[in-house]
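Residues per chain are reported as follows:
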Amino acid sequence: MKKLLVCLCLLLFLVACSNEEGTNSNKELFITKEFVEENAKVGLSYDEVREVFGKEVLADVVDHTETWLYDSAKHNKLEYNPSLEVVADEITSGKLDYQLYINFIDKKAIMYSYFYKGENGKTQQYVVTPDAEPFSFPASK
């Protein structure tokens, strides 16, 4: 009986310590371009996007399209005014590492736009859409 009680206590302890949900929804995830290249898939549902990328920083409807924003502000301890309509100048200045915008139609991801500082020091955009192979180009302001 004593061994059974010890085993149950140990099991309860292990379960309490393993509070792992198997998702990124509560984790602080640093999203790299490579991560987007590997994980951005057209057609993912809201829940599937959150499993991969975690909880969005900001979500709203822009131009009749639901848009979610992810950024590196918490990692950089940066306070700025995030927007779903304008890419932050903080990327070019180096204060912000990235912004990821995900657009949804009918509750499915249809476009990923990842903004980051390129080797040339200017903001670059990496895009995943259903109509073309993923591609990168300089982001215009």
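Residues numbered from 1 in each chain as written. Predicted model: local features only at pLDDT ≥ 70, side-chain atom pairs only at ≥ 80, totals over all residues. Heavy atoms only, no water.

Engineer: Requested: an account of the overall build of the chain, with residues and values cited.
Structural biologist: Broken down by element type, the chain carries five helices and six strands. Order of helices (α) and strands (β) in the chain, N terminus to C terminus: α-α-α-β-β-α-α-β-β-β-β. A buried classification covers 35% of the 141 residues belonging to the chain. Looking at the chain alone, contacts between residues at least 24 apart form 45% of all its contacts between residues at least 6 apart. Just so you have it, the chain exposes about 9,300 Å², and 55% of that area is on carbon and sulfur atoms. (Helix = DSSP H or I, 4+ residues; strand = E, 2+ residues; numbered from the N terminus. Buried < 20%, exposed > 50% of the residue type's maximum accessible area, 1.4 Å probe, protein only. Contact = heavy atoms within 4.5 Å. Areas by Shrake-Rupley, 256 points an atom, 1.4 Å probe, with all protein chains shown as cover.)

Engineer: Before we move on, could you go through helix H3 (residues 46-53) and cite the residues and values that matter?
Structural biologist: When we look at burial in H3, the residues that qualify are Val49, Val52 and Phe53. Seen end-on, H3 carries its buried residues on one side only, within an arc spanning 80 degrees. Where H3 is buried, its residues contact helix H2 (33-39), strand S2 (65-71), strand S3 (98-105) and strand S4 (108-117). Downstream of H3 by a residue or two, Gly54 has a phi angle that is positive, lying close to 90 degrees. (Arc of directions from axis to C-beta.)

Engineer: Please give an account of the side chain of Thr67 that cites residues and values.
Structural biologist: Tracing the backbone through its elements, the reader meets Thr67 in strand S2. Judged by relative accessible area, Thr67 falls into the buried class, the value being 3%. Here the side chain of Thr67 touches Thr65 through a polar contact of 3.3 Å, landing on its backbone oxygen. Those residues in contact with Thr67, other than ones at most four positions away along the chain, are Leu58, Ala59, Asp60, Val62, Leu84, Tyr101, Ile102 and Asn103. (Polar contact = N/O pair within 3.5 Å; in protein donor to acceptor, adjacent residues only side chain to side chain.)

Engineer: Before we move on, could you go through the pairing of strand S1 (residues 58-62) and cite the residues and values that matter?
Structural biologist: Both S1 and S2 contribute to a ladder of five bridges, which runs antiparallel. Looking across to S2, one finds that Ala59 is bridged to Trp68. As consecutive antiparallel partners, S1 and S2 are separated by two residues, and within that stretch Asp63 has a phi angle of approximately 50 degrees, a positive value. (Pairing = 2+ DSSP bridges.)

Engineer: Can you explain the pattern of salt bridges? Please cite residues and give values.
Structural biologist: Applying the stated criterion to the full structure yields three salt bridges. Glu56 is the salt-bridge partner of Arg50, the closest N and O atoms lying 2.7 Å from each other. Residue Glu56 is classed as buried on the basis of its relative accessible area of 9%. Ionic pairing is found between Glu56 and Lys55, a salt bridge with its closest N-O pair at 3.3 Å. Relative accessible area serves as the criterion here: at 54%, Lys55 is assigned to the exposed category. Several salt bridges converge on common partners, so that one network encompasses Arg50, Lys55 and Glu56. (Salt bridge = Lys/Arg side-chain N within 4 Å of Asp/Glu carboxyl O.)

Engineer: I'd like a rundown of the sheet that holds strand S6 (residues 135-138), residues and numbers included.
Structural biologist: Judged by pairing direction, the sheet is antiparallel, and its six strands sit side by side in the order S1-S2-S3-S4-S5-S6 without closing on themselves. A single partner strand is all that each edge strand has here, and the edge strands are S1 and S6. Within this sheet the neighbouring strands show an average axis-to-axis angle of 25 degrees, counted without direction. Looking at chain direction, strand S5 (residues 123-128) and S6 are connected through four bridges and run antiparallel. Pairing of Val127 across the sheet is with Phe135, part of S6. Across the face of the sheet, H3 comes into contact with S2, S3 and S4 while running at roughly 10 degrees to S2. (Axes fitted to C-alpha atoms, helices over the stretch in contact; angles between N-to-C directions.)

In short, geometric facts, not functional conclusions.
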